[in-house]
Amino acid sequence: METKEISRIALGTFLITAGVGHLTFARKEFQAQVPDWVPLKKDDAVIYSGIAEILLGTTIIATPKKHRKTVGKVVATFLPRFYPEILLSIRTGEILLALIPTTKELRDSSCRLP
């Protein structure tokens, strides 16, 4: 299997796992991340975003080769809208999710953010 294929499957698996987390084991942590300006109940926003991540992850994995370019464009639109907040929280020291390492753990690790 080539690197591109492994990366595609890994990304899809990551999104599916995150989506399942939204619906189950990390629901409260994700609810804490919903901004007050979102016009939905926090739990509803978490459920909808979890379903969206599961569908997106499944689509990334299951899409036939001839449609992958289109799916890539959808993913490229979706991901930058949600994941920068997580990276920003790590950089500022404000931990948004219980699922990510603390800032101290990141600073003590060999993996350093700019």
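Everything quoted here is computed from the prediction, not taken from an experiment.

**Side note on helix 1 (residues 3-23)**
- The end-to-end C-alpha separation of helix 1 is 30 Å, in line with the 30 Å expected for 21 residues at 1.5 Å each.
- Within the span of helix 1, buried status applies to Arg8, Gly12, Leu15, Ala18, Gly19, Gly21 and His22.

**Describing the pattern of salt bridges**
- Under the defined criterion, the tally for this structure stands at 4 salt bridges.
- Between Arg8 and Glu5 there is a salt bridge, with its nearest N and O atoms 2.5 Å apart. One end of the pair is Arg8 and the other is Glu5, both in helix 1 and 3 residues apart, which spans about a single turn.
- Looking at Arg8, the relative accessible area reads 15%, which means it is buried.
- Classification of Glu5 as partly exposed rests on a relative accessible area of 25%.
- The shortest N-O distance in the salt bridge between Arg27 and Asp43 comes to 2.7 Å. Separated by 16 residues along the polypeptide, Arg27 in helix 2 (residues 27-31) and Asp43 in helix 3 (residues 42-62) bring together distant segments of the chain.
- For Asp43, a relative accessible area of 27% corresponds to the partly exposed category.

Rules and cut-offs
Residues numbered from 1 in each chain as written. Predicted model: local features only at pLDDT ≥ 70, side-chain atom pairs only at ≥ 80, totals over all residues. Heavy atoms only, no water. Helix = DSSP H or I, 4+ residues; strand = E, 2+ residues; numbered from the N terminus. Expected span 1.5 Å × (residues − 1). Buried < 20%, exposed > 50% of the residue type's maximum accessible area, 1.4 Å probe, protein only. Salt bridge = Lys/Arg side-chain N within 4 Å of Asp/Glu carboxyl O.

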